[in-house]
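Working through the structure, step by step
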Amino acid sequence: MLAAANFILFLVYCVAAIGLGAFAFYIQEVSLAVSVCMGGLLGVACGLFHLAFTPREAKLARSEKTRIDNEFQSLKDMHVATHQEIETLKTTVAEDAASREAALAREVREIAMLLTTYVQKNERRREASAVEGQKLTPRRSDQNLLAAVRSALEENRIELHLQPIVALPQRKTVYYEGFTRLRDPSGAVILPSEFLRVAEPSGLVGEIDNLLLLRCVQIARRLLKQDRRIGLFCNISTTSLGDETFFPQFIAFLRDNKDLAGSIIFELTRDSFEKIPMAAERNMGRLFDLGFRFSIDRCETLDLDLRKLERMGVRYVKIAGDKLVQQLVEAKAVPVTGLNRQFEPADVSALFSRYGVELIADRVETERTIVEILELDIGHAQGNLFGKPKASAEVVKASEEGPRLRMVS
């Protein structure tokens, strides 16, 4: 279309040039040379005019647009290809990560099983060694046992043994639990399972608790010199908490040592906590007001009322590691709360924390149990796997020597 228009205009320019030459030659009687020059000049002028006003830019713009469109389409094709390659790479990376994670999980389980086998093979040997270090008392009558307890109190044959409570998964000691050990005149150890049977009916348990508290305060102060984050679980009976003769002296001593409120945690068994007398519960509240907190151990199930625990200052709950796994994974047990919803096993620990209560897996004996409770997001554990109870003097000495050894090295 544009070419035809240009051709017609060219003919018009030629006709005009010839017409001007003919007009000058025949009408104006100008010489032939001049007439030809006039016609030629008109033709050249029309050609220049035509060239000046021909839209060359438009032609160039359409050509450039075509080129840009082609390049843009090429970029789109490249983008689609790159996106497909990225998706393929993401899928490959995800599959590779899943494969590596599964392989790592299998390796961890295999290592746990090997360690469990090793521990089980050596458990009897370790127990035999422990028995050699502690001469246990034979079974005796209640009358003889009571006499031995009285003798131990009168002659100060009372020992405090400490067992570590560790943070997982680093297994760093963050707390100790104190255990009372009495010795008879022959040096044989009298365990709490024995002496409590005669101490509570005879009214001696308050004196034992008082001595235990004194030792715990002394140990706590020495341990805090090395690491202020160390806490000490101190067992106490509801009989002592409800004793109107014993408790005033007890709380007066604690008031004088109020700065240790964050370091000493009083521990009760679940049975005694569930059956706590009114007077003992009231005195628990007085200790709570001073800043002291409580722990409950020997729990067989997780059906605890978290609102009650929070209200009464209970900040720790202990349950055997294998029992804890069974409760969460098999029984799908959850505590009593005001929340009307379902919880996954791995969420129960966070649920306790929501009410300010920390779950502790105790009586942990094997690495297999550790693997299982880590999957349940349990943050603390206690048991012979991390260390059996040792005399407090040994623990404090090791704690005091530790920094010196690090400095020397």
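See the structure printed just above.
Described in the following lines is the structure provided in the data block. Source: prediction; values computed, not measured. (Residues numbered from 1 in each chain as written. Predicted model: local features only at pLDDT ≥ 70, side-chain atom pairs only at ≥ 80, totals over all residues. Heavy atoms only, no water.)

Our focus in this paragraph is the pairing of strand β4 (residues 231-235). Burial of β4 is extensive: 4 of the 5 residues sit out of reach of the surface. Where strand β2 (residues 172-183) lies against β4, 4 bridges are found, and the strand directions are parallel. Residue pairing in the sheet places glutamate 177 in a bridge with phenylalanine 233 of β4. (Buried < 20%, exposed > 50% of the residue type's maximum accessible area, 1.4 Å probe, protein only. Helix = DSSP H or I, 4+ residues; strand = E, 2+ residues; numbered from the N terminus. Pairing = 2+ DSSP bridges.)

What follows concerns unusual backbone geometry. Backbone phi values are negative for most residues with the exception of glycine, while trans is the configuration of most peptide bonds. Cis geometry marks the peptide bond from leucine 168 to proline 169, where omega comes out at 5°. Summarising the element assignment, proline 169 is placed in the loop between β1 (158-167) and β2. Even without being a glycine, lysine 332 presents a positive backbone phi close to 55°. The exposure class assigned to lysine 332 is exposed, which follows from its relative accessible area of 53%. Of note in this structure, arginine 363 is not a glycine but carries a positive phi near 55°.

A word on the pattern of salt bridges. One pass over the full model with this rule turns up 12 salt bridges. Linking lysine 318 and glutamate 267 is a salt bridge whose minimum nitrogen-to-oxygen distance equals 3.0 Å. Of this pair, lysine 318 sits in strand β7 (residues 314-320) while glutamate 267 sits in strand β5 (residues 264-269), and the two are 51 residues apart along the sequence. You'll find lysine 318 and glutamate 267 in the same group, each marked buried. Of the charged contacts in the structure, one is a salt bridge between aspartate 362 and arginine 363, with a shortest N-O distance of 3.7 Å. The buried category is assigned to aspartate 362, whose relative accessible area is 8%. Here arginine 363 falls in the partly exposed class, since its relative accessible area comes to 43%. A network of salt bridges, in which partner residues are shared, links Glu177, Glu267 and Lys318. (Salt bridge = Lys/Arg side-chain N within 4 Å of Asp/Glu carboxyl O.)

Turning our eyes to something else, we now look at the side chain of arginine 270. Position of arginine 270 relative to the elements: it lies in helix α9 (residues 270-274). Separated by 3.0 Å, the side chains of arginine 270 and aspartate 303 make a polar contact. Apart from the residues within four sequence positions on either side, arginine 270 is in contact with Ile296, Asp297, Arg298, Cys299, Thr301, Asp303 and Leu304. (Polar contact = N/O pair within 3.5 Å; in protein donor to acceptor, adjacent residues only side chain to side chain. Contact = heavy atoms within 4.5 Å.)

Okay, the packing of helix α6 (residues 205-224) against helix α8 (residues 246-256) next. At a minimum axis separation of 11 Å, α6 and α8 run at an interaxial angle of 5°. Taken together, the axes of α6 and α8 lie roughly parallel to each other. Touching Gly206, Asp209, Asn210, Leu213, Leu214 and Val217 of α6 are Phe246, Phe250, Phe253 and Leu254, all from α8. Split by residue class, the contact of α6 with α8 holds 7 nonpolar, 2 polar and 1 charged. (Axes fitted to C-alpha atoms, helices over the stretch in contact; angles between N-to-C directions. Parallel < 35°, antiparallel > 145°, perpendicular 65-115°, else oblique. Nonpolar A, V, L, I, M, F, W, Y, C, P; charged D, E, K, R; others polar.)

Right, let's get into the packing of aromatic side chains. Tallied over the entire structure, the rule returns 8 aromatic pairs. Relative to tyrosine 316, the ring of tyrosine 175 lies with its centre 5.5 Å away and its plane at 75°, an arrangement referred to as edge-to-face. Linking tyrosine 175 in strand β2 with tyrosine 316 in strand β7, this pair joins segments that are 141 residues apart in sequence. The exposure classification of tyrosine 175 matches that of tyrosine 316, with both residues buried. (Phe/Tyr/Trp six-rings, centres within 6.5 Å; stacked < 30°, edge-to-face > 60°.)

A few words on the environment of proline 277. In this structure, proline 277 sits in the loop between α9 and α10 (278-289). By relative accessible area, which is 41% here, proline 277 ends up partly exposed. Proline 277 sits 38 residues away from threonine 239 along the chain, and the two C-alpha atoms are 8.8 Å apart.

It is worth spelling out the packing of helix α12 (residues 321-330) against helix α14 (residues 367-375) at this point. Working note: a packed helix pair is described by the angle between its axes plus the distance between those axes. At their nearest, the axes of α12 and α14 sit 9 Å apart, and the two run at 40° to each other. Taken together, α12 and α14 sit at an angle that is classed as oblique. Judged by the twist between their axes, the crossing of α12 over α14 is left-handed. On the side of α12, the interface is formed by Gly321, Asp322 and Val325, while α14 contributes Thr369, Glu372 and Ile373. The residue makeup of the contact of α12 with α14, split by class, is 2 nonpolar, 2 polar and 2 charged. (Left-handed = near helix turned anticlockwise from the far one by under 90°.)

Side chains that are nonpolar tend, in soluble globular proteins, to be buried together. The biggest cluster of nonpolar side chains holds 68 residues, and the ones touching the most others in it are Phe250, Phe266, Leu287, Leu309, Val317 and Phe352. Sort the elements by how many residues they give to this core and α6 lands first, with 8 residues. Not counting residues up to four positions away in its chain, the partners in contact with leucine 309 are Phe273, Ile296, Leu304, Val314, Arg315, Val317 and Val357. Listed in part, the 14 residues of the second largest apolar core include Val149, Leu182, Ala199 and Leu204. (Core = buried A, V, L, I, M, F, W, Y, C linked by side-chain atoms within 4.5 Å.)

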